[in-house]
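Here is how the chains run, residue by residue.
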Amino acid sequence: MSFTGESKGFINYIYERYKNLSLKDITLVFEGQITHQVMKALTGLAEEQLDEVEDDKVLRRVYHVMVESLQNINRHAEAYEYRGHPYPGMGLVLVAKNKERFQVTTGNIVENGHAEELALFLGKLNNLDKDALDDLYKKQLREGIVSPKGGAGLGFIDIRRKTGNHLDYSFVKIDKETSFFIFTSTISR
């Protein structure tokens, strides 16, 4: 399925992906500008919705992944204009679950040049074992190159370390300059 740029929004694209998965229980969904106030509200809502989770460790991991993913959107989402309407730093978040796992999916607009770098970095993370991830995390803390927007990839490294699962990501090309970045983290129950 490809994004056509219609005014329905990106949330419909993500929802279409989820209809085909075994995760049918969508706990939280939001599309809009991700500010610090919105981040607090969304994490608070998720915490209420996930209160029945019997394992506090799993709940903390879901919460941590949400915070890291939302901070990524808050810091790195590109502004986008469609049919004369500006969309400043827009993003989406969707939390779904089944008996075996939770999935936190986020999406935001990125520049195509950045999409290539991001895909290489995330692919590298997926190929590292636990010890190599720990070493990379420590190295990034000590000497990590910080992007102009303040990121050193620590959030992605930490999500991969804490979930123990591979990161799922894709890029849907919007136009010559931008793509829609879809990032999914899986937290086993």
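Here, the structure is the one placed above.
First, a word on scope: everything that follows refers to the structure included in this document. (Residues numbered from 1 in each chain as written. Predicted model: local features only at pLDDT ≥ 70, side-chain atom pairs only at ≥ 80, totals over all residues. Heavy atoms only, no water.)

1. Details of the nonpolar core
Part 1 of the argument: Residues Leu-42, Met-66, Val-104, Leu-122 and Leu-125 are the most contacted members of the largest nonpolar core, which totals 34 residues.
Part 2 of the argument: Elements with a contribution of two residues or more to this core: helix 2 (36-49), helix 3 (56-76), strand 4 (90-97), strand 5 (101-111), helix 4 (112-126), helix 5 (130-143), helix 6 (154-163) and strand 7 (178-188).
Part 3 of the argument: Ranked by residues supplied to this core, first place goes to helix 3 with seven residues.
Part 4 of the argument: When near neighbours in sequence (up to four residues on either side) are disregarded, Met-66 contacts Leu-28, Leu-42, Thr-43, Ala-46, Val-95 and Val-104. (Core = buried A, V, L, I, M, F, W, Y, C linked by side-chain atoms within 4.5 Å. Buried < 20%, exposed > 50% of the residue type's maximum accessible area, 1.4 Å probe, protein only. Helix = DSSP H or I, 4+ residues; strand = E, 2+ residues; numbered from the N terminus. Contact = heavy atoms within 4.5 Å.)

2. Notes on the packing of aromatic side chains
Part 1 of the argument: Inspection of every chain in the model, using the stated rule, returns five aromatic pairs.
Part 2 of the argument: For the ring pair Phe-171 and Phe-181, a centre distance of 5.1 Å and an interplane angle of 15° mean the geometry is stacked. Highlighted residues: Phe-171 in strand 6 (residues 168-173) and Phe-181 in strand 7, separated in sequence by ten residues.
Part 3 of the argument: Taking the relative accessible area as the measure of exposure, Phe-181 reaches 1% and is therefore buried.
Part 4 of the argument: Through successive ring pairs, a cluster of aromatic residues spans Phe-156, Tyr-169, Phe-171, Phe-181 and Phe-183. (Phe/Tyr/Trp six-rings, centres within 6.5 Å; stacked < 30°, edge-to-face > 60°.)

3. Quick notes on the sheet that holds strand 6
Part 1 of the argument: Pairing is antiparallel across the open sheet formed by five strands, whose spatial order is 1-4-5-7-6. In this open sheet, the two strands that pair with only one neighbour each are strand 1 (25-33) and strand 6. On average, each strand axis in the sheet is inclined to that of its neighbour by 15°, with strand direction left out of account.
Part 2 of the argument: Across seven bridges, strand 4 lies against strand 5 in antiparallel orientation. Note that in strand 5 the partner of Lys-97 across the bridge is Phe-102.
Part 3 of the argument: Running at roughly 165° to strand 6, helix 4 makes contact with strand 5, strand 6 and strand 7 of the sheet. (Pairing = 2+ DSSP bridges. Axes fitted to C-alpha atoms, helices over the stretch in contact; angles between N-to-C directions.)

4. Considerations on helix 2
Part 1 of the argument: Between its first and last C-alpha atoms helix 2 spans 20 Å; for 14 residues at 1.5 Å apiece the expected length is 20 Å, and the two agree.
Part 2 of the argument: Among all positions of helix 2, only Val-38, Met-39, Leu-42, Thr-43 and Ala-46 are buried. Down the axis of helix 2, the buried set is contained in an arc of 125°. They therefore lie on one face. In helix 2, the exposed positions angled more than 90 degrees off the buried face are occupied by Gln-37, Lys-40 and Glu-48.
Part 3 of the argument: Considering only its buried residues, helix 2 is in contact with strand 1, helix 3 and strand 4. (Expected span 1.5 Å × (residues − 1). Arc of directions from axis to C-beta.)

5. Some thoughts on the side chain of Asn-126
Part 1 of the argument: Here Asn-126 lies in helix 4.
Part 2 of the argument: With relative accessibility at 12%, the residue Asn-126 sits in the buried group.

6. Focus on the packing of helix 2 against helix 3
Part 1 of the argument: Relative orientation of the contacting elements helix 2 and helix 3 amounts to 160°, with a least axis distance of 10 Å. It follows that helix 2 is roughly antiparallel to helix 3 by the angle criterion. In this structure, the crossing between helix 2 and helix 3 has a hand that is right-handed. Along its contact with helix 2, which presents His-36, Met-39, Leu-42, Thr-43, Ala-46 and Glu-47, the element helix 3 presents Tyr-63, Met-66, Val-67, Leu-70, Gln-71 and Asn-74.
Part 2 of the argument: For the contact of helix 2 with helix 3, the class distribution of residues is seven nonpolar, four polar and one charged. (Parallel < 35°, antiparallel > 145°, perpendicular 65-115°, else oblique. Left-handed = near helix turned anticlockwise from the far one by under 90°. Nonpolar A, V, L, I, M, F, W, Y, C, P; charged D, E, K, R; others polar.)

7. Comments concerning the packing of helix 4 against helix 6
Part 1 of the argument: As a packed pair, helix 4 and helix 6 sit with axes 10 Å apart at the nearest point and diverge in direction by 25°. When the axes of helix 4 and helix 6 are compared, the pair comes out roughly parallel. Like other packed secondary-structure pairs, helix 4 and helix 6 cross with a definite hand, here right-handed. Between helix 4 and helix 6, the residues in contact are Leu-118, Phe-121, Leu-122, Leu-125 and Asn-126 and Phe-156, Ile-157 and Arg-160, respectively.
Part 2 of the argument: Among the residues making up the contact of helix 4 with helix 6, the classes are represented as six nonpolar, one polar and one charged.

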